[in-house]
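Examining the three-dimensional arrangement
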Amino acid sequence: MLFNSYQFIFLFLPVALAGYFASDRLGNVAPVLWLALASLGFYSVSGWQFVPLLLGSIAFNYAVGWLMISSRLHPAPRFAILAFGVAGDLAVLGYFKYAGFLAANLNAIFSTGFAVNVLLPVGISFYTFTQIAFLVDAYRGKVARYALPHYALFVTYFPHLIAGPILHHRDMIPQFERAEAKRPDPHLILCGLIIFAIGLFKKTCLADGIQPLVSLAFGPNAPTFDQAWLGALAYTFQLYFDFSGYSDMAIGISLMFGIFLPLNFNSPYKATSIVDFWRRWHMTLSQFLRDYLYIPLGGNRHGAVLRYVNLMVTMVLGGLWHGAAWTFVVWGALHGGYLCVNHAWNRFGPAVAPRFERAADIAAFVVTFIAVVIAWVFFRADSMTTALYVLSKMADPGNVAFGRLEIAQAIFILIYAGIAWFAPNTQTIMGYDHANRTVGRGLRAWQMRPLFIYATAAVLAFGILGIQQHSEFIYFRF
């Protein structure tokens, strides 16, 4: 089920909210069970055949975590249990996500005839990473003993289940345990509705609105130099508003239930370096890769060379996490290389004189954005051949079409760029503070509150009117 669908907005969400708050009368656990069941119902619409797999994954990880939390084991068996749990998770993820990719490569190398057709379970990457973090923290002694209903809700919680953010048990389960969160809070519901409306507008009006221009570069016709750039830029902003819209909608929906989700998106195209970009793009994935892959690999503790190796390994695996294809591997390797160059520049590059700092920041912003656009070509292309072909057109200024249509398309894209580069993001507008669990403080006392609410109603109306029948979020595929 899509957030940007009439069924979700007018049926599922109101019923889920009503049942959640009504079941509070039955005790503290009843709303948790209701929300977990509602989440499973939400998930079953997208992939009912994978519900047993999701439930099996929850039972497996809860049991493995319980063994490490409850038992006084020596280090060796404790580590063996962790290895067993993580290996089990990775084996399932590897089978469903990478078996076909592996078979295709074996066929290409050895001319074998393996035929592997495995349907990818929706959201498996997100709920697997979520639970691996839980197991590792249980091994490290950083997990309290959680009740099974709360753990099940932590994994299945529908605002994040399909496309993130990647949740952390220490952040989420204590919120599910709070009795106050199970009573309707008009302020949080209003703020959640406003954030949801902004996200819906981004998705249905902005992301879906620019999508047709992407075919300029990735469609069947051979693009010229300017068309290739327009298509690549169109995809750059389509992905931006698609992901940003989803992140806003997930936070807004969760707020209506009184639950604060972590930020996952913070105006990444305003970044002035690749390091800065990864602190703003898919923030929870960056944190997961840092805490559970880069640092365990050694991080920067064993010298500069190994630091760069660890960065490359982390980003290549991060790229492969996005999809089982060489284009994602190259995308991850490109960003790994960018990060290495960024760190090397910070270490060995010349200091900038104060009077040139502004110019240096602008130059860094431009270089960062172009590097990101080039990498997105691999992310979007359906094959390495297509990616290299599009890039070859982007590097051939001798073949230009720049007619009236291309000029109009360029103006269209500039408007998107202006919004992405200069407009405040949703959390700034709404004063969303995940760490302190506050939102919309200014809205309470703001004299323009009625006008703001009317504007929100208009944004919500445009967002609903822009709903299309088939408009999945791009990150649903991962």
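Residues numbered from 1 in each chain as written. Predicted model: local features only at pLDDT ≥ 70, side-chain atom pairs only at ≥ 80, totals over all residues. Heavy atoms only, no water.

1. Quick notes on the environment of Ala228
Short version of the rule: Under the scheme used here, helices are H or I runs from DSSP no shorter than 4 residues and strands are E runs no shorter than 2 residues, and both carry numbers assigned from the N terminus. The criterion used for residue contact is that any of the two residues' heavy atoms lie within 4.5 Å.
If you trace the backbone, Ala228 turns up in helix α10 (residues 225-256). In this structure the C-alpha to C-alpha distance between Ala228 and Lys202, which are 26 residues apart in sequence, comes to 24 Å. With residues near it in sequence (within four places) discarded, Ala228 still touches Ala217, Pro223, Val390, Lys393 and Met394.

2. Structural notes on helix α17 (residues 404-422)
Every α-helical turn comprises 3.6 residues, leaving residues that sit three or four positions apart pointing alike. Note the cut-off: For a helix, the expected span equals 1.5 Å multiplied by the residue count minus one. Here the term buried applies to any residue with accessible area under 20% of the maximum for its type, exposed to any over 50%, and partly exposed to those in between, with areas from a 1.4 Å probe on protein chains only. By arc we mean the arc of the directions from the helix axis to the C-beta atoms, nothing more.
With 19 residues, α17 extends 27 Å from end C-alpha to end C-alpha; this agrees with the ideal 27 Å at 1.5 Å per step. Here α17 has its buried residues at Glu406, Gln409, Ala410, Ile413, Tyr416, Ala417 and Ala420. Each buried residue of α17 lies within a common arc of 120° when the element is viewed along its axis, so the set occupies one face. Summarising the geometry of α17, the exposed residues directed more than 90 degrees from the buried face are Arg404, Leu414 and Phe422. Structurally, α17 contributes buried residues whose contacts are with α9 (186-218) and α10.

3. Overview of the layout of surface pockets
To be explicit about the condition: Whether a set of points on the 1 Å grid over the protein atoms alone is a cavity depends on a 1.4 Å probe fitting there but being unable to get out, while an open set qualifies as a pocket with protein on both sides within 12 Å along at least five of seven lines; lining residues are those with an atom within 4 Å of a point. Grid points are joined across faces, edges and corners, and a volume is the space filled by probe spheres set on the points. For this classification, Asp, Glu, Lys and Arg are treated as charged, while Ala, Val, Leu, Ile, Met, Phe, Trp, Tyr, Cys and Pro are nonpolar and the rest, including Gly, are polar.
Within this model, the largest pocket holds a volume of roughly 620 Å³. Lining the largest pocket are 19 residues, with Thr272, Ser273, Asn342, Trp345 and Ala364 positioned closest to its centre. If you tally residues by element for the lining of the largest pocket, the top one is helix α15 (residues 357-380), at 8 residues. Of the residues assigned to the lining of the largest pocket, the class counts are 11 nonpolar, 6 polar and 2 charged.

4. So, the packing of α9 against α10
Put simply, the rule is: A fitted line through C-alpha atoms represents every axis, and for helices the fit uses only the stretch in contact; the resulting angles, taken between N-to-C directions, go from 0 to 180 degrees. For classification, angles of less than 35 degrees are called roughly parallel, those exceeding 145 degrees roughly antiparallel, those between 65 and 115 degrees roughly perpendicular, and all remaining angles oblique. Handedness of a crossing follows from how the near helix is turned relative to the far one, being left-handed for an anticlockwise turn of less than a right angle and right-handed for a clockwise one.
Relative orientation of the contacting elements α9 and α10 amounts to 160°, with a least axis distance of 6 Å. Relative to α10, α9 is oriented roughly antiparallel. Where α9 crosses over α10, the handedness of that crossing is left-handed. Residues of the contact of α9 with α10, tallied by class, amount to 28 nonpolar, 9 polar and 4 charged.

5. Concerning the nonpolar core
Just so we agree on the cut-off: Joining through side-chain atoms within 4.5 Å is the link that ties buried Ala, Val, Leu, Ile, Met, Phe, Trp, Tyr and Cys residues into a set, and such a set is a nonpolar core.
Counting 151 residues, the largest nonpolar core has Phe8 and Phe257 as its most contacted members. When sequence neighbours within four positions are dropped, the list of residues in contact with Phe257 reads Leu13, Ala16, Leu17, Tyr20, Phe21, Leu35, Tyr157, Phe158 and Ala181.

6. Notes on empty space enclosed by the protein
In this structure the tally under the stated criterion is 2 cavities of 30 Å³ or more. If you add up the space inside the largest cavity, you get close to 40 Å³. A per-class count over the lining of the largest cavity returns 6 nonpolar, 1 polar and 1 charged. If you go around the second largest cavity, the residues you meet are Ile195, Asp248, Ile251, Leu263, Thr426, Gln427 and Tyr432. Secondary structure elements with two or more residues in the lining of the second largest cavity: α10 and α18 (426-430). When its residues are assigned to classes, the lining of the second largest cavity shows 4 nonpolar, 2 polar and 1 charged.

7. Description of the packing of aromatic side chains
As a reminder, the rule being used: Pairing of aromatic rings covers Phe, Tyr and Trp, the last counted by its six-membered ring, and requires centre-to-centre distances within 6.5 Å; plane angles under 30 degrees mean stacked, over 60 mean edge-to-face, and any other angle means tilted.
The full count for this structure, using the stated rule, is 52 aromatic pairs. Taking 5.5 Å as the distance between ring centres and 80° as the angle between the ring planes, the aromatic pair formed by Tyr269 and Phe369 counts as edge-to-face. Placement of the pair is Tyr269 in the loop between α10 and α11 (274-280) and Phe369 in helix α15, with a sequence separation of 100 residues. Accessibility assignment for this pair places Tyr269 and Phe369 in one class, buried. On the numbers, 6.5 Å between centres and 85° between planes, the contact of Trp421 with Phe422 is edge-to-face.

8. Topic: helix α2 (residues 30-47)
Given a rise of 1.5 Å per residue, 18 residues ought to cover 26 Å, and the 25 Å separating the end C-alpha atoms of α2 matches this to within 8%. Along α2, the positions that sit buried rather than exposed are Ala30, Pro31, Val32, Leu35, Ala36, Ala38, Ser39, Leu40, Phe42, Tyr43 and Gly47. Residues of α2 that are buried sit in contact with α1 (6-22), α3 (51-70), α5 (124-139), α6 (148-156), α7 (158-161) and α8 (169-177).

9. Comments concerning the pattern of salt bridges
This is how the line gets drawn: Salt bridge, as used here, is a side-chain nitrogen of Lys or Arg placed within 4 Å of a carboxyl oxygen of Asp or Glu.
Counted by the stated rule, this structure contains 10 salt bridges. Between Lys203 and Asp208 there is a salt bridge, with its nearest N and O atoms 3.2 Å apart. Shared partners join several salt bridges into a network, and the residues in it are Asp137, Arg140 and Arg170.

10. Considerations on the confidence of the model for the protein
Heads up, the condition is: On a scale of 0 to 100, pLDDT captures the predictor's confidence in every residue.
For the protein, per-residue confidence averages 91 on the pLDDT scale, and residues scoring 70 or more make up 98% of the total. Of all the helices and strands in the protein, helix α19 (residues 441-445) carries the lowest mean pLDDT, 74, while helix α16 (residues 384-394) carries the highest, 96.

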